[in-house]
Structure formats: C-alpha cells, structure tokens
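Structural features, examined
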Amino acid sequence: MAQTDSSSFPDPAQPLRDLTREELDAYARDGAVCARGLIDHETIERMRGAIEKVTREEPGLGPRAEELAKAGFEANIFIWKKNDDFRDLALFSSLPHLAQQVLGGDRVNFFYEQYFVKRAGCSTETPWHQDIPFWPVSGSQIISFWITLDPVVRESSGLEFVRGSHRWQERYKAVTPDYDPYMMDSDLPEAPNFGKQRDEQELLGWDMEPGDVLLFGPVVCHGSEGNLSPSQDRRALAFRYSGEDVVFAPRHATMPLLWDHGLEPGERLSGSLFPQVWPRVIDAEVARRCEGEEPPSPAAVGAFFKALEEKGFGPGGKKPSLFS
Ligand SMILES: O=C(O)CCC(=O)C(=O)O
C-alpha cells in the first residue's frame, strides 16, 4: 500500500514547464526524446559545483577509476547518499514531478543516479548498451533523465539512441566504458557498435545546451563517443526513477547495491535506498539520509564481495573484479 501519510516535507517542486504531449508521444514512439529547457540555471550551477567537489574527492567507481580519470573519464553511482546537492536534486527537485508525467501511477520512487564526465579531449567512448541488463531489478517503468551541465554536440560525446530499440526483445551484455569483466560475466551477446551502422539503423541524437534533458527508458540502445572538444568538458548526470512494475530482482553481474535495503526478490523498489518521491517524500525513508552522509553498509559491502568471490572474482580469483 502506498505510504503517503507521513511527510513533513513539502510537495515536490513544480517543473519549469510540463512535458508536452509531443514530447511524451516521441518518447513512447522512439524510446528517447530531448526536452529543451527543463532545468533552471541555478540548479545547473549548483550541480556543476557538486560534480567538481565529488570528482576532486574521489576518482569514481571501480579498480580502474584513477587510470580512467587521468584519461578524462569519471563516473560514479549513488552519490546522493553522501552529497547533499545530489540528494536534493534526486528527492526534492522537479524531477519526481516530471517522472510522474512519464510513468503515471500513484507513486514514483527514486531509483539511483550517476554522473558521467568526459573532460575536454577525453577519448573514452560509452559502448552501445541497454540499461536494464546492468540492474538488479525487473520491470519496464523506469525513466532516466540525462542532464547535461555543459553544451554538448551530438558527434562529440552527445548521447545517441537506436530509434525504436526500446521495443526489441534482444538483451545485450552490460558493457561499461572500462569493459569491466564482472559486469560482462553473462551469457548475453555484446551489443553491436551501432555508431558504425548508421546506414542500417536510424540513430537519434541532439546538440544540447545546459537545461536540456534527454528522457529514455531501460531498454533503448544508447552510447556516446569521446569528447573531441579541446576546451569544453562534458559533465552529465543521469537521474533515474521507477514506477509501479519495478521490483528487486537480484542477479549476478549487475550493479552492486552497497546499502542495506531490506527488499526481498519480487518486492517493489521502496525504502531508504529507493525512497518514494512522488506524491511526496516519506519521513521514515529519508530521515537517516537527511541527518547526514550515509556510508555504504559493511554488511551489504561484505555480501557483495562474498558473491563476487563465489563467482571467481576478487582477491585470489581468476579474473579482476569491479572492486579488486
Ligand atoms: O553519458 C554517457 O556517456 C552514458 C550515459 C548512459 O549510458 C546512461 O545514462 O545510461
């Protein structure tokens, strides 16, 4: 049952504007759409500061984070658990409202967020992939908002999509920009490099300004080139929200959840790791995080490493791991 009764938080912020019928139709038809001017300048400025702070503090996720950062690529997940600017954008901004406009339903939960930085001249590509194979969840009602904090051109690190691929039955291996062997340890085939098949597939992509937002779902194939600009960083955020049909479905070779969440397989995402954000935030779910930074739980981290080792990854294991 929706717990909507216990909130001392204000209702979700109103967006600068609602999504239009045309944008929602394009999203449903193509699997991705670019919505112009959704995020205000103050938020963009605040998040630029937040990204610089978090990337100064640590290079990002995974054993190769430092090496990748030296090459200009930085990425990390669940930053909202430690950084208040990320937390506020996730829980208290207009994104929950916009997510509800896409997903419908009685309530929306925050799934998680990532940042993807490609500094000027960074040649790291984002391999073509679908998002759902990365995640320990199943369901279709997930919306990702990809928010650029810098001007970005399509050919130079702009995110591109295979039009209509959100309807495909095929699922592809979870391939990260550093080709992490743990994430790739599944029987799924690797996605083709659709960027090299421009005659065969229709690709969608946009030049974007800060404030513009890409909306896309969990199955559409997407990827991006390196950042060819000699002077312009490309700092992007992906904030993801879930709706009614999204349930916890743990699987090997999926994104680690390093905080306790208390969910059993099959349960709808909710609670302190996936808090409700619309129609309003629930006190009990976010109280701990609103008191201060929430480090990963030793029990959850331990369980993740144990699972890794059981699959032959990690110290002494046959292959390197995400956290070796
Ligand atoms: O920004 C990028 O290059 C990758 C973004 C992405 O794949 C995502 O948000 O799912």
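Residues numbered from 1 in each chain as written. Predicted model: local features only at pLDDT ≥ 70, side-chain atom pairs only at ≥ 80, totals over all residues. Heavy atoms only, no water.

Brief notes about the pairing of strand β7 (residues 159-162)
Neither face of β7 is exposed, since Leu159 and Phe161 on one face and Glu160 and Val162 on the opposite face are all buried. Sheet topology places β7 next to strand β10 (residues 222-224); three bridges connect them, and they run antiparallel. Bridged to Phe161 within β10 is His222. Relative to strand β8 (residues 203-205), β7 runs antiparallel, the two sharing three bridges. Of the residues in β8, the one forming a bridge with Val162 is Leu203. (Buried < 20%, exposed > 50% of the residue type's maximum accessible area, 1.4 Å probe, protein only. Helix = DSSP H or I, 4+ residues; strand = E, 2+ residues; numbered from the N terminus. Pairing = 2+ DSSP bridges.)

With respect to the sheet that holds β7
Judged by pairing direction, the sheet is antiparallel, and its four strands sit side by side in the order β4-β10-β7-β8 without closing on themselves. Both edges of this open sheet fall to β4 (126-129) and β8, since each of them pairs with a single strand only. Between one strand and the next, the sheet's axes are offset by a mean angle of 25°, whatever the strand orientation. (Axes fitted to C-alpha atoms, helices over the stretch in contact; angles between N-to-C directions.)

Here's the deal with the state of the cysteines
Scanning the entire structure with this criterion turns up zero disulfides. Considering cysteine sulfurs only, Cys34 is the nearest to Cys221, which forms no disulfide, with 19 Å between them. Take Cys221: its relative accessible area is 0%, and that puts it in the buried class. (Disulfide = S-S within 2.5 Å.)

Observations concerning the side chain of Thr254
Locating Thr254 in the fold gives a position in the loop between β12 (247-248) and β13 (276-278). Only 2.6 Å separates the side chain of Thr254 from the backbone oxygen of Arg251, close enough to count as a polar contact. Not counting residues up to four positions away in its chain, the partners in contact with Thr254 are Pro133, Phe134, Trp135, Pro136, Tyr182 and Met183. (Polar contact = N/O pair within 3.5 Å; in protein donor to acceptor, adjacent residues only side chain to side chain. Contact = heavy atoms within 4.5 Å.)

Examining the site of the ligand
Close contacts around the ligand come from 13 residues, with Thr126, Trp146, His222, Ser224 and Arg234 the closest. Thr126 is positioned such that a nitrogen or oxygen atom in its side chain is 2.6 Å from an oxygen atom of the ligand. Surface burial for the ligand is 99%, taken as the share of its 290 Å² of free accessible area covered by protein chains. Contributing elements (two or more residues each) for the shell around the ligand: β3 (108-118), β4, β10 and β11 (234-242). The element best represented in the shell around the ligand is β11, accounting for three residues. Of the residues belonging to the shell around the ligand, the class tally is five nonpolar, four polar and four charged. (Near = heavy atom within 4 Å. Areas by Shrake-Rupley, 256 points an atom, 1.4 Å probe, with all protein chains shown as cover. Nonpolar A, V, L, I, M, F, W, Y, C, P; charged D, E, K, R; others polar.)

A closer look at the nonpolar core
In a soluble, globular protein the nonpolar side chains are often hidden away together inside. The biggest cluster of nonpolar side chains holds 67 residues, and the ones touching the most others in it are Phe78, Phe86, Phe145, Leu215, Leu237 and Tyr241. A total of six residues in this core trace back to one element, the largest contributor, which is β3. Discounting chain neighbours no more than four positions away, the residues touching Phe78 are Phe111, Tyr112, Glu113, Met255, Pro256, Leu257, Trp259, Leu273 and Phe274. In terms of nonpolar packing, the next biggest core, distinct from the first, is built from 19 residues, Cys34, Ala75, Met208 and Leu214 among them. (Core = buried A, V, L, I, M, F, W, Y, C linked by side-chain atoms within 4.5 Å.)

What to know about the packing of helix α4 (residues 84-92) against helix α6 (residues 283-291)
Remark: α4 packs on α6, axes separated minimally by 11 Å, with the N-to-C direction vectors making an angle of 160°. The angle between the axes of α4 and α6 places the two elements in the roughly antiparallel class. Note on packing geometry: the crossing formed by α4 with α6 is left-handed. Residue-level contacts link Asp84, Arg87, Leu91 and Phe92 of α4 to Val286, Arg289 and Cys290 of α6. When the residues that make up the contact of α4 with α6 are grouped by side-chain class, the tally is four nonpolar, no polar and three charged. (Parallel < 35°, antiparallel > 145°, perpendicular 65-115°, else oblique. Left-handed = near helix turned anticlockwise from the far one by under 90°.)

A few points about unusual backbone geometry
For the peptide bond that leads from Trp278 to Pro279, omega is 10°, which places it in the cis range. You can see Pro279 is positioned in the loop between β13 and α6. With phi around 80°, Ser157 is a residue other than glycine that occupies positive phi space. Inspection of the secondary structure assignment puts Ser157 in the loop between β6 (142-148) and β7. Ser157 sits in the buried class, given a relative accessible area of 1%. Even without being glycine, Ala253 reaches a positive phi, approximately 60°. Mapping Ala253 onto the fold places it in the loop between β12 and β13.

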